[in-house]
Amino acid sequence: MSVTRVLGAAREALDEAGLRGSFLVRDLDSGDELGIDPDIEFPVASLVKVPLALATLERIDRGELDAATPIVVAPGRATTAGPTGLSRFRHPATVALDDLLYLSTSLSDETAADALFALTPPTAVAAELRRLGFEGIAVRHRTAALIDTPAEKLPPDQLHLAHSIAITAATAGHGHPLPQLDVTRANSGSARAFVELLQGLWRPSAIRPAPAARVRELMAANLIRQRLTPDFSSDASRWSAKTGTLLNLRHEVGVVEHADGQTFAVAALTESRVAAGSQPGAEAVMARVARNLRDQLRF
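From a predicted model like this one, the values you see are computed outputs, not experimental measurements. (Residues numbered from 1 in each chain as written. Predicted model: local features only at pLDDT ≥ 70, side-chain atom pairs only at ≥ 80, totals over all residues. Heavy atoms only, no water.)

> Tell me about the overall build of the chain, and name the residues and values.
Looking only at helices and strands, one finds eleven helices and nine strands in the chain. Buried residues in the chain amount to 53% of all 299 residues. The long-range share in the chain, meaning contacts at least 24 apart out of those at least 6 apart in sequence, stands at 67%. Per element, the accessible surface of the chain, about 12,400 Å² overall, is 54% carbon and sulfur. (Helix = DSSP H or I, 4+ residues; strand = E, 2+ residues; numbered from the N terminus. Buried < 20%, exposed > 50% of the residue type's maximum accessible area, 1.4 Å probe, protein only. Contact = heavy atoms within 4.5 Å. Areas by Shrake-Rupley, 256 points an atom, 1.4 Å probe, with all protein chains shown as cover.)

Right, dumping it as structure tokens:
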């Protein structure tokens, strides 16, 4: 199938699923890539935990932080569906810095992430990205904001109202009255910016070898695997990824390493116009579109 037909079919599938998306797939060795609106900026939700982990690990590698440092973390006490790990704890816990990295990145634990942000604030994470030569990812706030939306204030049977607000209040320029969904105030980035970051983590770059290897390990241990994983993980491939979810936003970025040596970075950032929290069909379409783009490059 020609590239034009693949892209046309992908756009049609996304539209039928109620999605608008920004996708980019890149062969990390040849540089060949294929995408759909890869430079559109989105609020990135929990994808910010990848640059957070990288900045923290760079500081550990320089000796500014000690991975074994015990840190007392206040309980998150979350009661709504979604938050994981320390975010659901009811009592204070003492956790080593390195284990906070695991909880934040592999389990997407907001409380663990904010304990890391207390050591390396958003401005410092953004500065670390710039120092390493990565542009296009804005880190502006901690992750506590991700669990402070209308979805947490409404009863479960009215969750659709929170999604309706997220969908209908957006402006054409990606502005929004909810700061977590406004690209000028939220942590934000594009599919291309995250593919560049993945390239730097999987191939030699300004990132130090030890931090890059640890981030790869943490992403390989990702426990949220219902989105792109079914289309990229197999006995003959390794899928390492991070998801991001907030109201009508559904994202995932990752790298698939095939047994024959080919390696592809994949970034899928989407927003839904369907006012529903659970949309497994939309997630399946995301995965199929991303895999079809990869297949076009691979075969």
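Continuing now.
> Describe the side chain of Lys242, with residues and values.
Its place among the elements puts Lys242 in strand 7 (residues 237–246). Looking at Lys242, its side chain comes within polar contact range of the side chain of Ser108, at 2.8 Å. When residues no more than four places from it in sequence are discounted, the contact partners of Lys242 are Ser46, Leu47, Lys49, Val50, Ser104, Thr105, Ser108, Met219, Asn222, Glu252 and Val253. (Polar contact = N/O pair within 3.5 Å; in protein donor to acceptor, adjacent residues only side chain to side chain.)

> Hey, could you go over the nonpolar core for me, with residue numbers and the actual values?
Generally speaking, a soluble globular protein has its nonpolar side chains buried in company with each other. The biggest cluster of nonpolar side chains holds 60 residues, and the ones touching the most others in it are Leu86, Leu100, Val139, Leu197, Leu201 and Val215. Counting residues per element, this core draws most heavily on helix 8 (residues 191–202), which supplies eight residues. Setting aside anything within four residues of it in sequence, one finds Leu86 in contact with Val73, Pro75, Gly76, Ala93, Val95, Leu100, Leu103, Asp109, Thr111 and Ala112. Residues Ala17, Trp239, Val285 and Val289 belong to the second largest nonpolar core, which totals 25 residues. (Core = buried A, V, L, I, M, F, W, Y, C linked by side-chain atoms within 4.5 Å.)

> I'd love a proper account of the pattern of salt bridges, names of residues and values included.
As enumerated under the stated definition, the model contains 26 salt bridges in all. Across the salt bridge formed by Asp182 and Arg185, the nearest N and O atoms sit 3.3 Å from each other. Classification of Arg185 as partly exposed rests on a relative accessible area of 39%. (Salt bridge = Lys/Arg side-chain N within 4 Å of Asp/Glu carboxyl O.)

> Please give an account of the packing of aromatic side chains that cites residues and values.
Per the counting criterion, the structure on display carries one aromatic pair. Residues Phe232 and Trp239 carry aromatic rings whose centres are separated by 4.8 Å and whose planes lie at 20° to one another, so their mutual orientation is stacked. For the pair shown, Phe232 and Trp239 are each scored as buried. (Phe/Tyr/Trp six-rings, centres within 6.5 Å; stacked < 30°, edge-to-face > 60°.)

> Break down the pairing of strand 2 (residues 33–36) for me, with residues and values.
Only one face of strand 2 is buried: it carries Leu34 and Ile36, and the other face, with Glu33 and Gly35, is open. Linking strand 1 (residues 19–27) back to strand 2 in an antiparallel pair, the connection comprises five residues, with Gly31 at a positive phi of about 85°. (Pairing = 2+ DSSP bridges.)

> Can you tell me about the sheet that holds strand 7, naming the residues and giving the values?
What holds strands together in a sheet is hydrogen bonding between their backbones, with the strands either parallel or antiparallel. Across the sheet, five strands lie side by side as 2-1-9-8-7; this open sheet has antiparallel pairing. Looking at the sheet topology across the chains shown, the edges are occupied by strand 2 and strand 7. Between one strand axis and the next, the sheet turns by 10° as a mean value, whatever way the strands run. Across four bridges, strand 1 lies against strand 2 in antiparallel orientation. Note that in strand 2 the partner of Arg26 across the bridge is Glu33. Its contacts with the sheet place helix 1 (residues 3–16) against strand 1 and strand 2, and it is angled at close to 35° to strand 2. (Axes fitted to C-alpha atoms, helices over the stretch in contact; angles between N-to-C directions.)

> Which residues make up the environment of Thr56, and what are the values?
Along the polypeptide, Thr56 turns up in helix 2 (residues 49–61). Sequence separation between Thr56 and Phe117 is 61 residues; the distance between their C-alpha atoms is 8.8 Å. Apart from residues no more than four positions distant in its own chain, Thr56 is found in contact with Leu65, Leu97, Leu101, Leu116 and Thr120.

> Residues and numbers for helix 11 (residues 280–298), please.
Taking 1.5 Å as the rise per residue, helix 11 with 19 residues should run 27 Å; its terminal C-alpha atoms sit 26 Å apart, in good agreement. Where helix 11 is concerned, the buried positions are Ala282, Glu283, Val285, Met286, Ala287, Val289, Ala290, Leu293, Arg294 and Arg298. Those residues of helix 11 that are buried are in contact with helix 1, strand 1, strand 2, helix 10 (229–232), strand 8 (249–258) and strand 9 (263–272). (Expected span 1.5 Å × (residues − 1).)

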